[in-house]
Amino acid sequence: MYPIVYVNKEHLLENVRSVTALCATQNIEVTGVTKVFAGDPEIARIYVEGGIRRLGDSRVENLKQLQGLDAEKWLIRPPMIDEIEALVAYADASLNSELETIQAINDAALKAEKVHNVILMVDLGDIREGFIDHDELVSVAIETEKMRGVHLYGIGVNLTCFSFVQSDKEKMSVLSELAEVISNKIGRKLDIVSGGNSATLDLMLKDGIPGEVTNLRLGESLLFGKERAHFTFLPDTHQDVFTLACQIVEVKEKPSVPWGEIGVDSYGNSPTFIDRGIRKKAICAIGKQDFDVETSTAIDQDLIVLGASSDHLMLDVTDCEKAYKVGDIIEFQLGYFSTMRAYTSKYVTKKYF
Ligand SMILES: *Cc1c(COP(=O)(O)O)cnc(C)c1O
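Residues numbered from 1 in each chain as written. Predicted model: local features only at pLDDT ≥ 70, side-chain atom pairs only at ≥ 80, totals over all residues. Heavy atoms only, no water.

## Thoughts on the pattern of salt bridges
Under the defined criterion, the tally for this structure stands at 13 salt bridges. Glutamate 129 is the salt-bridge partner of arginine 128, the closest N and O atoms lying 2.7 Å from each other. (Salt bridge = Lys/Arg side-chain N within 4 Å of Asp/Glu carboxyl O.)

## A word on the pairing of strand β6 (residues 116–122)
Taken across its 7 residues, β6 has 7 buried, putting it largely inside the fold. Side chains His116, Val118, Leu120 and Val122 project from β6 onto one buried face, and the interleaved Asn117, Ile119 and Met121 project onto a second face that is buried too. In terms of strand pairing, strand β5 (residues 93–96) meets β6 through 4 bridges, oriented parallel. Residue pairing in the sheet places alanine 93 in a bridge with asparagine 117 of β6. For the crossover from β5 across helix α5 (residues 99–111) to β6, the handedness is right-handed. Both β6 and strand β7 (residues 150–157) contribute to a ladder of 7 bridges, which runs parallel. Looking at β7, one finds that valine 122 is bridged to valine 157. (Buried < 20%, exposed > 50% of the residue type's maximum accessible area, 1.4 Å probe, protein only. Helix = DSSP H or I, 4+ residues; strand = E, 2+ residues; numbered from the N terminus. Pairing = 2+ DSSP bridges. Right-handed = clockwise from strand over helix to strand, strands pointing away.)

## Side note on the layout of surface pockets
Its volume calculated, the largest pocket comes out at about 1,100 Å³. Forming the walls of the largest pocket are 32 residues, and the residues nearest its centre are Phe273, Leu306, Gly307, Ala308 and Met314. Those elements giving two or more residues to the lining of the largest pocket turn out to be β10 (242–255), β11 (278–284), β13 (304–308) and β14 (313–316). At 5 residues, the largest contribution of residues to the lining of the largest pocket is made by β13. When grouped by side-chain class, the residues that make up the lining of the largest pocket number 17 nonpolar, 6 polar and 9 charged. The space that makes up the second largest pocket amounts to roughly 800 Å³. Together, 33 residues line the second largest pocket, and Lys35, Arg128, Cys161, Tyr336 and Met340 are the ones closest to its centre. Secondary-structure elements contributing two or more residues to the lining of the second largest pocket are β9 (215–218) and α10 (336–344). (1 Å grid on protein atoms, 1.4 Å probe; cavity = no way out; pocket = protein on both sides within 12 Å on 5 of 7 lines; lining within 4 Å. Points joined across faces, edges and corners; volume = space filled by probe spheres on them. Nonpolar A, V, L, I, M, F, W, Y, C, P; charged D, E, K, R; others polar.)

## Comments concerning the side chain of histidine 11
Take histidine 11: it is sitting in helix α1 (residues 9–24). In contact with histidine 11, not counting residues within four places along its chain, are His238, Asp240 and Val241. (Contact = heavy atoms within 4.5 Å.)

## What about the side chain of aspartate 123?
Position of aspartate 123 relative to the elements: it lies in the loop between β6 and α6 (134–146). At 7.8 Å, lysine 171 is the nearest oppositely charged side chain to aspartate 123, a buried residue that forms no salt bridge. A distance of 3.0 Å separates a polar side-chain atom of aspartate 123 from the backbone nitrogen of glycine 125. At a separation of 3.2 Å, a polar atom in the side chain of aspartate 123 contacts the main-chain amide nitrogen of isoleucine 127. Other than its neighbours up to four places away in sequence, aspartate 123 contacts Arg128, Glu129, Gly130, Phe131 and Ile132. (Lys, Arg positive; Asp, Glu negative; His and termini not counted. Polar contact = N/O pair within 3.5 Å; in protein donor to acceptor, adjacent residues only side chain to side chain.)

## Overview of the environment of leucine 12
Its place among the elements puts leucine 12 in helix α1. Between the C-alpha atoms of leucine 12 and glycine 335, which are 323 residues apart in sequence, the distance is 14 Å. Setting aside anything within four residues of it in sequence, one finds leucine 12 in contact with Ile43, Ile46, Tyr47, Leu222, Leu223 and Val241.

## Description of a negative patch on the surface
Together, Glu98, Glu100, Asp133, Asp135 and Glu136 line one region of the surface with negative charge. Inspection of the secondary structure puts glutamate 136 in helix α6. (Patch = residues over 30% accessible without salt bridge, like charges linked within 9 Å, V, L, I, M, F, W, Y side chains within 5 Å. Areas by Shrake-Rupley, 256 points an atom, 1.4 Å probe, with all protein chains shown as cover. Charge placed at Lys NZ, Arg CZ, Asp CG, Glu CD.)

## Comments concerning the site of the ligand
As a structural note, the neighbourhood of the ligand is formed by 14 residues, with Lys35, Ser198, Arg217, Gly219 and Glu220 the closest of them. The separation between a nitrogen atom of the ligand and a polar side-chain atom of arginine 217 is 2.9 Å. Separating an oxygen atom of the ligand from a backbone N or O atom of glycine 219 is a distance of 2.9 Å. Among the detected pockets, the ligand sits in the second largest pocket. For the shell around the ligand, the residue count by class is 5 nonpolar, 4 polar and 5 charged. (Near = heavy atom within 4 Å. Sits in = over half its atoms within 2 Å of the grid points.)

Structural data, given as structure tokens:
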């Protein structure tokens with residue numbers, strides 16, 4: 001039943017192979033991020049088939065679904081104190097920024113007779129997770145190194161997610177130097193120095209990344225073949241892994257401008273309309289609950305996406321070659337947030353080919 005998301009497994013596999021090979025030329029190993037598709041094991045399996053040995057997700061529930069896959073599992077958001085037991089059960093590693101949480105992980109791991117890997121995050125300007133104070137980072141690293149239920153696995157940074165601060169040579173050098181300082185203090189090399197997400201690929205391709213950085217955590221680039229800093233397409237990748245199909249439920253000639261007194265939308269904004277005269281409009285049975293208009297591209301380039309409410313999508317199909325009628329299917333190529341929403345919506349069927 002519609003709406004349906006079709007996943008092109010072959011194209012995804014080629015993306016995984018191309019992007020990981022590109023990273024390998026710079027001695028960067030990839031953690032494949034699965035949160036975009038809610039940790040669907042059917043898709044994560046393709047990461048593993050493409051040679052990825054580490055999987056990362058921001059939800060423990062998603063990692064739990066990936067137990068059957070032969071890969072290390074990382075929680076890539078600082079864990080909640082409330083989920084530490086599940087974290088120790090289903091994740092091999094996690095990104096951390098609070099000593100209190102690391103102590104709780106240590107206690108739970110000792111109880112479970114496990115060793116959990118801890119990666120300490122540094123905030124280098126994006127103002128999301130991580131230590132701002134480098135001395136505090138080093139002292140927490142030393143404390144972590146003393147614990148028996150956790151292993152100090154390494155350090156990492158995340159950029160271009162909240163403040164959209166870009167990765168640059170200087171920031172990567174700071175990360176490398178911090179790794180060296182910690183290595184000297186604990187008398188061994190760190191296993192992981194994780195230089196960021198798909199937004200760091202642009203720097204890697206242009207200037208290279210300092211030798212100390214050994215890992216990137218990638219979602220967007222694997223799935224959509226794009227680096228995230230300038231949205232350029234990566235060589236030998238496909239942009240059409242996820243296609244959404246929805247069905248038309250109404251087709252009518254309607255004016256382009258509403259009539260009556262106009263109120264505000266759910267966000268408190270007053271909508272504006274362009275007067276194109278009487279147009280042929282179609283409504284599809286899909287809405288904001290199932291996908292995101294801004295990060296979706298209609299395959300029929302002649303149609304105009306007018307907007308969506310929770311479960312209606314309004315299209316202007318006047319200029320289309322095809323004479324759309326009720327029951328016809330409209331297709332979209334999905335980007336990041338649209339895919340994420342489609343995967344979170346129970347109303348969207350997922351099909352793999
Ligand atoms: C989402 C996320 C990633 C992956 O980001 P992409 O832009 O999809 O590559 C990596 N690391 C962290 C901490 C994240 O939250």
